[in-house]
Amino acid sequence: MAKVFQATHVGKVRSNNEDSLTVIEPETFVVADGMGGASAGEVASQMLVQIVRIVLENVSAPRDEKLLARAIMVANAKIFETAKQNEDLRGMGTTATILSLEGTTAHFAHVGDSRLYLLRGKHLEQVTQDHSYVENLVRRGELTPEQARVHPMKNVLLQAVGAVEEVFVDAASFPVHSGDKFLLCTDGLTNMVDDAAIAEILLTATNPADALIDAALANGGKDNVTVIVAGVD
Ligand code: CA
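Figured I'd write up the structure that's included with this text. (Residues numbered from 1 in each chain as written. Predicted model: local features only at pLDDT ≥ 70, side-chain atom pairs only at ≥ 80, totals over all residues. Heavy atoms only, no water.)

1. Thoughts on the coordination of the calcium ion
Reference values for coordination geometry: four tetrahedral donors around a metal ideally subtend 109.5 degrees, six octahedral donors ideally subtend 90 or 180 degrees.
Logical step 1: At this site the calcium ion is bound by Asp33 (OD), Asp187 (OD) and Asp223 (OD), with donor distances of 2.2 to 2.4 Å.
Logical step 2: Taken in sequence order, the residues that donate to the calcium ion follow the motif D-x153-D-x35-D. Separated by 190 residues along the polypeptide, aspartate 33 in strand β3 (residues 28-35) and aspartate 223 in the loop between α7 (208-218) and β11 (225-231) bring together distant segments of the chain.
Logical step 3: Overall, aspartate 33 belongs to the buried group, its relative accessible area being 9%.
Logical step 4: A relative accessible area of 14% means that aspartate 223 is categorised as buried. (Donors = N, O, S within 2.8 Å, 3.2 Å for Na, K, Ca; no water. Helix = DSSP H or I, 4+ residues; strand = E, 2+ residues; numbered from the N terminus. Buried < 20%, exposed > 50% of the residue type's maximum accessible area, 1.4 Å probe, protein only.)

So, in structure tokens, the structure goes:
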């Protein structure tokens, strides 16, 4: 069984927390970062985690990457429909990053710029790729990752769950090793704390979720911050 730490914080600048997170037994983890006017971002990210939970708890199929992706697509349709019918919620959307550990396999599904990381030994790897404008520029070699982190358009997403009629979900699976640590987080962490500092905290902190939040707040806490850390025995 994985040892799990989770935490979310509104940050030091914003007045509401548009991030949502949930842990669905057994060993499935979800983070979502909502966007939209007024309270629409909160509605979108809360809908995402609730709908994913309902789908996963009511389908008896294995929680492989296909089922995780399907859960995101179900949420997409429901959030899109709700936004269409409610003027206050028009245009709302959310990121979605889901990890499910099943025996010695990790399955994940992902949309947006929240992230899944894997710490294996001392090496931290970003598993998911951001669906963002600046990430595309990094991939094309037009920006360095350092430039992307401070770019004025770094918040521009290429797609979000519920904001488009059809969403394209990245999903895959890979083998888990003993001692692996997984981190799911919103961009309120990664825009404030670089990968080297994240790795150091995952390696050393007694409660890595609280320590990651503290680091994001110490560096300015400009956004809501949400993290789930799952360490495999
Ligand atoms: Ca955010």
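Now that the structure has been shown, we can carry on.
2. Topic: the pattern of salt bridges
Logical step 1: Scanning all chains against the criterion turns up seven salt bridges.
Logical step 2: Across the salt bridge formed by glutamate 57 and arginine 53, the nearest N and O atoms sit 2.9 Å from each other. Taken as a pair, glutamate 57 and arginine 53 lie in helix α1 (residues 40-58) at a separation of four residues, close to a single helical turn.
Logical step 3: The exposure class of glutamate 57 is partly exposed, given its relative accessible area of 46%. (Salt bridge = Lys/Arg side-chain N within 4 Å of Asp/Glu carboxyl O.)

3. Notes on the environment of glutamate 87
Logical step 1: On the secondary structure map, glutamate 87 appears in the loop between α2 (65-85) and β4 (93-94).
Logical step 2: Relative accessible area serves as the criterion here: at 65%, glutamate 87 is assigned to the exposed category.

4. So, the packing of helix α6 (residues 195-204) against α7
Logical step 1: For the pair α6 and α7, the least separation of the axes is 9 Å and the interaxial angle reads 150°. Compared by their axis directions, α6 and α7 come out roughly antiparallel. Read as a crossing pair, α6 and α7 show a hand that is right-handed. On α7, the residues that touch Ile198, Ile201 and Leu202 of α6 are Pro208, Ala211, Leu212 and Ala215. (Axes fitted to C-alpha atoms, helices over the stretch in contact; angles between N-to-C directions. Parallel < 35°, antiparallel > 145°, perpendicular 65-115°, else oblique. Left-handed = near helix turned anticlockwise from the far one by under 90°. Contact = heavy atoms within 4.5 Å.)

5. Description of a nonpolar patch on the surface
Logical step 1: A surface patch of nonpolar side chains, amounting to about 320 Å² of accessible area, comprises Tyr133, Met153, Val156 and Leu158.
Logical step 2: Along the chain, tyrosine 133 falls in helix α3 (residues 133-139).
Logical step 3: Judged by relative accessible area, which is 31%, tyrosine 133 ranks as partly exposed. (Patch = residues over 30% accessible without salt bridge, like charges linked within 9 Å, V, L, I, M, F, W, Y side chains within 5 Å. Areas by Shrake-Rupley, 256 points an atom, 1.4 Å probe, with all protein chains shown as cover.)

6. Re α1
Logical step 1: The end-to-end C-alpha distance of α1 is 27 Å, a good match for the 27 Å that 19 residues give at a rise of 1.5 Å each.
Logical step 2: Three or more residues of α1 are buried, namely Ala40, Gly41, Ala44, Ser45, Met47, Leu48, Val49, Ile51, Val52, Val55 and Leu56.
Logical step 3: Residues of α1 that are buried make contact with β2 (19-24), β3, α2, β4 and β5 (96-102). (Expected span 1.5 Å × (residues − 1).)

7. Section: the packing of α1 against α2
Logical step 1: Where α1 contacts α2, the two axes come as close as 9 Å, and the packing angle between them is 135°. Put simply, α1 runs oblique to α2. Between α1 and α2 the crossing geometry is right-handed. In contact with Ala44, Met47, Leu48, Ile51, Val52, Val55 and Leu56 of α1, α2 contributes Leu67, Leu68, Ala71, Val74, Ala75, Lys78, Ile79 and Thr82.

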